[in-house]
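Per-entry structural report
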Amino acid sequence: MTKVLFVISAADRWTLDDGTVHPSGYWAEEVAVPHRVFTEAGWDITVATPGGKAPTLDRLSLGVSGGLPGKRREVKRYLDGIEDVLAHPVALDTVDPDAFDVVFYPGGHGPMEDLAHDETSGALLAARLAAGTPLALLCHAPAAILAATGPDGTSPFAGYRMTGLSNREEMLNRFAKKAPWLLEDRLKEAGVEYSKALLPLRPHVVVDRNVYTGQNPQSSERLAARLVADFGGTSPK
């Protein structure tokens, strides 16, 4: 059975450039859809967060920003069904990442607040990258690579082709004008070969070696399905 470590931000806010706080957390679709795809594939899923804190749902992701009403209802039903799992994650610093076939990070603005600076997560990502073992990050979750540092102090992800939420997509949020930084900019500064879909809010998945990334919530199912297609038959070493 394929084992996946599902790493969710524990942040419940995004601190903006003027010091104000935007309530945030994880994006509903980005947790619900991949979790469903992995479950249907028979994968064994372990949910982890920094400190083992129960993750916070970004309420905006179940509003109009979360898509059509039918889709939002489906996502909410699924999240309600795994409520107990989400309420009791393991602490990220207690897991052995080598015990998992795949490591997956969903997004939301939460990772901009905590995972972008989390040393445990950064070390995990750097180790997975060096080992060549599968690693996937969705939407805002590539912010987590900013906490990964190579032996020479540069980003170990430099030179990798990746995607993540684009500046244009971020600026669709009114509060983004107060953003302390934008993900697309930071990925490029880290040396990532960034790419995005021709139009905003369209699915876009990039695979480079062992690194799998999806641009936005609309990429959730495509990214998860690609992982299942590539690693559905693997097992822990």
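The name recorded for the protein chain in an unreviewed UniProt entry is Type 1 glutamine amidotransferase domain-containing protein, from Amycolatopsis samaneae.

Turning next to the packing of helix H1 (residues 28–40) against helix H8 (residues 220–231). In a pair of packed helices, the angle between the axes and the distance between the axes together describe the arrangement. Two numbers describe how H1 lies on H8: the axes approach to 9 Å, and their chain directions differ by 30°. Relative to H8, the element H1 is oriented roughly parallel. The handedness of the crossing between H1 and H8 comes out as right-handed. Mapping the contact onto sequence places Glu 29, Glu 30, Val 33, Pro 34, Arg 36, Val 37 and Phe 38 in H1 and Ser 220, Glu 221, Ala 224, Ala 225, Leu 227 and Val 228 in H8.

What follows concerns the pattern of salt bridges. Across all of its chains, the model carries 11 salt bridges by this definition. The salt bridge partner of Arg 36 is Glu 40, with a shortest N-O separation of 3.3 Å. Of this pair, Arg 36 and Glu 40 both sit in helix H1, four residues apart, which is roughly one turn of the helix. We classify Glu 40 as exposed; its relative accessible area is 61%. For Asp 230, the salt bridge identified is with Arg 226, shortest N-O distance 2.9 Å. Highlighted residues: Asp 230 and Arg 226, both in helix H8, separated by four residues, approximately one helical turn. For Asp 230, a relative accessible area of 33% translates into the label partly exposed.

Checked against the element boundaries, Asn 216 lands in the loop between strand E11 (211–214) and H8. By relative accessible area, Asn 216 is classed as buried at 0%. Of the polar contacts made by the side chain of Asn 216, one reaches the side chain of Glu 169; its length is 2.8 Å. Side chain to side chain, Asn 216 and Ser 219 meet in a polar contact 2.7 Å long. Beyond its immediate stretch of four places on either side in the chain, Asn 216 contacts Glu 30, Leu 138, Cys 139, Leu 165, Glu 169, Leu 201, Arg 202 and Pro 203.

This brings us to the pairing of strand E7 (residues 135–138). Burial along E7 is two-sided: the residues Leu 135 and Leu 137 and Ala 136 and Leu 138 are all buried. Both strand E6 (residues 102–105) and E7 contribute to a ladder of three bridges, which runs parallel. When the sheet's bridge partners are listed, Tyr 105 is paired in E7 with Leu 137. Relative to E11, E7 is paired through four bridges, and the arrangement is parallel. In the sheet register, Ala 136 faces E11, and the bridge partner there is Tyr 212.

Judged by pairing direction, the sheet is mixed, and its seven strands sit side by side in the order E5-E4-E1-E6-E7-E11-E10 without closing on themselves. The two strands at the open ends of the sheet, each matched to only one other strand, are strand E5 (90–91) and strand E10 (205–208). With five bridges joining them, strand E1 (residues 3–7) and strand E4 (residues 44–49) adopt parallel strand pairing. Pairing of Leu 5 across the sheet is with Thr 46, part of E4. Packing against the sheet, H1 makes contact with E1, E4, E6 and E7, and its axis sits at approximately 175° to E1.

Attention shifts here to the side chain of Glu 30. As for its position among the elements, Glu 30 is in helix H1. Buried within the structure, Glu 30 lacks any salt-bridge partner; its nearest side chain of opposite charge belongs to Lys 71, at an N-O separation of 9.5 Å. When sequence neighbours within four positions are dropped, the list of residues in contact with Glu 30 reads Phe 6, Phe 104, Pro 106, Gly 107, Gly 108, Leu 138, Cys 139, Asn 216, Pro 217 and Ser 220.

Cut-offs applied
Residues numbered from 1 in each chain as written. Predicted model: local features only at pLDDT ≥ 70, side-chain atom pairs only at ≥ 80, totals over all residues. Heavy atoms only, no water. Axes fitted to C-alpha atoms, helices over the stretch in contact; angles between N-to-C directions. Helix = DSSP H or I, 4+ residues; strand = E, 2+ residues; numbered from the N terminus. Parallel < 35°, antiparallel > 145°, perpendicular 65-115°, else oblique. Left-handed = near helix turned anticlockwise from the far one by under 90°. Contact = heavy atoms within 4.5 Å. Salt bridge = Lys/Arg side-chain N within 4 Å of Asp/Glu carboxyl O. Buried < 20%, exposed > 50% of the residue type's maximum accessible area, 1.4 Å probe, protein only. Polar contact = N/O pair within 3.5 Å; in protein donor to acceptor, adjacent residues only side chain to side chain. Pairing = 2+ DSSP bridges. Lys, Arg positive; Asp, Glu negative; His and termini not counted.

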